[in-house]
Every structure is written in structure tokens, then in C-alpha cells.
Amino acid sequence: MGQMTKGRTVVRWLCSISFLVYGFAKVNRAQFTMLDSQLALPLAEVRPFWFVWYFFGYSDLYKGFIASIEIVGGILLAIPRTSLLGALVLLPPIVNIVVVDLVFQVDPGGTLMAILLTCGILHVIAPHARRLLSTALLDYPTTRAGNAAMVCGVVGACIFAFSTTYWIANYNNRHPTAVDGRWEVISSEDAGLRRVFFEHNRAHMVVFMNEDGGLNSHHFEVGDGRIRIWDQWLSKGDLIAQGRLTEEDVMELRFETGVQVTLKRRFGPKS
């Protein structure tokens with residue numbers, strides 16, 4: 001038993017020091033810093049690792065929040081009396097880190113370290129697992145009728161949540177058309193456009209990218225073989241352009257100002 005206690009103490013201290021290092025690394029800007037070469041790439045070309053690195057480092061407040069959890073949790077883990085509390089504080093974020101590392105292809109060394117820390121935290125919690133489970137599962141009196149009502153309620157809530165979000169995703173957010181995708185301007189009478197995005201995941205939204213990279217959202221509808229574009233998304237406003245497909249992936253747009261633009265589809269919808 002004493003040997004097990006010594007082994008658990010070693011694991012506890014190794015995890016504590018590791019979390020303190022990771023926490024202060026964020027404070028001292030040794031983590032979540034970006035390379036200018038990565039920032040210069042289009043979003044679709046950024047590797048998943050750098051995308052995550054930029055996301056977590058974008059907000060100093062959020063970065064400080066993560067660092068605080070790691071530092072406070074590491075300190076609690078080092079003190080025998082508060083070691084269980086520290087392990088419980090650190091378990092959710094380290095499990096999330098493992099999932100992020102695996103899904104977003106973080107380097108193998110960092111992923112392995114996160115997995116080892118998760119195992120270490122679970123090793124600290126293990127002797128208390130039965131007590132924690134008995135505390136988490138409430139001694140709540142039930143009857144057969146009550147259990148049946150509870151099951152029906154849970155199933156009904158799941159059906160409601162699924163059907164509502166399915167409708168939002170497929171009937172409210174999306175209204176697929178034959179022109180969905182990214183279109184490049186291949187011929188223009190000085191319209192100032194570089195690209196046009198007929199958004200697949202936002203019903204009736206078309207976005208114009210200007211030559212300077214600026215984005216402007218408009219409303220579009222397809223019918224009777226024509227594409228019509230209005231100034232304001234959803235509320236429409238003034239009609240600003242009309243067009244048609246001359247080929248499956250070639251479109252001609254004529255603006256109300258008289259300017260004509262020819263577009264070629266480079267990418268269709270990805271989801």
C-alpha cells in the first residue's frame with residue numbers, strides 16, 4: 001500500500017509541474033503565438049494545427065482563462081489535501097485538449113503528453129472513484145410510473161431538439177440552388193469584383209468580394225432560368241443585378257448600372 005502511495009505521489013507531482021509549465025507558458029507567450037507566414041495564407045489553406053493555435057491565442061482573456069485553470073489546478077494538485085479537487089478541475093480541460101490534438105492533427109509529441117497527463121489525472125482520481133460516483137448519483141425516490149414518464153420526457157426532448165435543429169439546418173439556413181459555390185470573375189467591365197460566393201449554408205445569401213478583399217452581403221434568388229440579386233440580404237431592397245447560366249459553371253451578370261460580368265465556378269458547396 002505504501003509503495004502505491006509513493007507512486008501516486010510521484011504521478012501527482014509530475015502532473016502538477018507539467019500543468020504549471022503549460023499555464024505559465026501561456027502567461028509568458030511561449031504558446032499560442034502565430035507565424036506571419038501562416039497569417040498570410042487563405043483560411044482554406046491553413047493547416048488544422050495552426051488554425052487551432054490561432055483560435056486559442058486570438059483572445060488574451062480566453063488565453064488567461066485557460067492559463068488560470070492550469071496554474072490553479074496545478075497548485076491544488078501539489079497539495080495532498082486539495083489534490084482531488086485539483087484533479088477534478090484539470091480533468092475536463094485535459095480531456096478536451098486530447099480530443100483537439102487528435103482531431104486537429106497537433107504534433108504527436110504534444111498529443112502524447114496530453115494523453116499521459118490525462119492518465120495521470122485519472123490515476124489521482126481512481127482511489128476516490130467509488131465515493132465520487134455515489135455522490136454524483138442522487139438517491140432519488142422513483143416509481144414505475146415516474147420512471148416511464150421520465151423516459152418519455154427524455155425521448156420527447158431529444159426528438160424535439162433533433163427535429164428543430166434539422167429544420168433550421170436544412171430548411172431555414174439552407175436553400176440549395178444550381179449556382180451555389182465560389183465563382184471567379186473572368187471578364188468584367190470594371191465592376192470592381194474579384195469573387196462572388198453564392199452561399200450554400202445561408203439561404204439566399206450572395207457575397208461579393210471586392211478587389212481590395214472587402215466583403216458585401218446581398219440577397220439572391222433563382223427562378224425561371226434567371227438569377228436576381230438585391231441589395232440587402234433577406235429584406236432585399238433595390239434590385240442590383242440579374243443574370244443567367246450560359247453553361248453549367250459559367251454565369252453572366254448584368255448590373256443595374258449597365259456593367260456586365262462573366263463568372264466561372266471554381267468550387268461547389270463543401271457541405
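Residues numbered from 1 in each chain as written. Predicted model: local features only at pLDDT ≥ 70, side-chain atom pairs only at ≥ 80, totals over all residues. Heavy atoms only, no water.

1. Regarding the nonpolar core
Core analysis: the largest hydrophobic core is formed by 18 residues, its most contacted members being Val196, Phe198, Phe208, Ile229 and Met251. Going through the elements one at a time, strand 2 (193-198), strand 3 (205-210), strand 5 (226-232), strand 6 (236-247), strand 7 (250-255) and strand 8 (260-267) are the ones with two or more residues in this core. Excluding residues within four positions of it along the chain, Phe208 makes contact with Leu193, Arg195, Val196, Gly214, Leu215, Asn216, His218, Ile229, Ile240 and Phe255. Judged by nonpolar contacts, the second largest core, of 12 residues, contains Ile94, Ile121, Val124 and Ile125. (Core = buried A, V, L, I, M, F, W, Y, C linked by side-chain atoms within 4.5 Å. Buried < 20%, exposed > 50% of the residue type's maximum accessible area, 1.4 Å probe, protein only. Helix = DSSP H or I, 4+ residues; strand = E, 2+ residues; numbered from the N terminus. Contact = heavy atoms within 4.5 Å.)

2. Observations concerning the packing of aromatic side chains
Going through the model one piece at a time under the given rule, you end up with 12 aromatic pairs. Here the aromatic rings of Phe208 and Phe255 are separated by 5.9 Å at their centres, their planes lie at 70°, and the arrangement is edge-to-face. Of this pair, Phe208 sits in strand 3 while Phe255 sits in strand 7; the two residues are 47 residues apart in sequence, bridging distant segments of the chain. For the pair formed by Phe208 and Phe255, the shared burial category is buried. (Phe/Tyr/Trp six-rings, centres within 6.5 Å; stacked < 30°, edge-to-face > 60°.)

3. Focus: a nonpolar patch on the surface
Residues Leu43, Phe51, Val95, Val99, Leu102, Val103, Phe104 and Ile115 make up a contiguous nonpolar surface patch of roughly 700 Å² in combined accessible area. If you tally residues by element for the nonpolar patch, the top one is helix 5 (residues 83-103), at 4 residues. By the secondary structure assignment, Phe51 is in helix 3 (residues 48-58). A relative accessible area of 40% means that Phe51 is categorised as partly exposed. (Patch = residues over 30% accessible without salt bridge, like charges linked within 9 Å, V, L, I, M, F, W, Y side chains within 5 Å. Areas by Shrake-Rupley, 256 points an atom, 1.4 Å probe, with all protein chains shown as cover. Salt bridge = Lys/Arg side-chain N within 4 Å of Asp/Glu carboxyl O.)

4. Topic: the packing of helix 5 against helix 6 (residues 108-125)
Interaxial distance between helix 5 and helix 6 falls to 9 Å at its minimum, and their mutual angle equals 150°. When the axis of helix 5 is compared with that of helix 6, the two are roughly antiparallel. Note that helix 5 runs across helix 6; the crossing there is left-handed. Along the contact surface, helix 5 presents Ser83, Leu84, Ala87, Leu88, Leu90, Leu91, Ile94, Val95, Ile97, Val98, Asp101 and Leu102, while helix 6 presents Gly110, Thr111, Ala114, Ile115, Leu117, Thr118, Ile121, Leu122, Val124 and Ile125. (Axes fitted to C-alpha atoms, helices over the stretch in contact; angles between N-to-C directions. Parallel < 35°, antiparallel > 145°, perpendicular 65-115°, else oblique. Left-handed = near helix turned anticlockwise from the far one by under 90°.)

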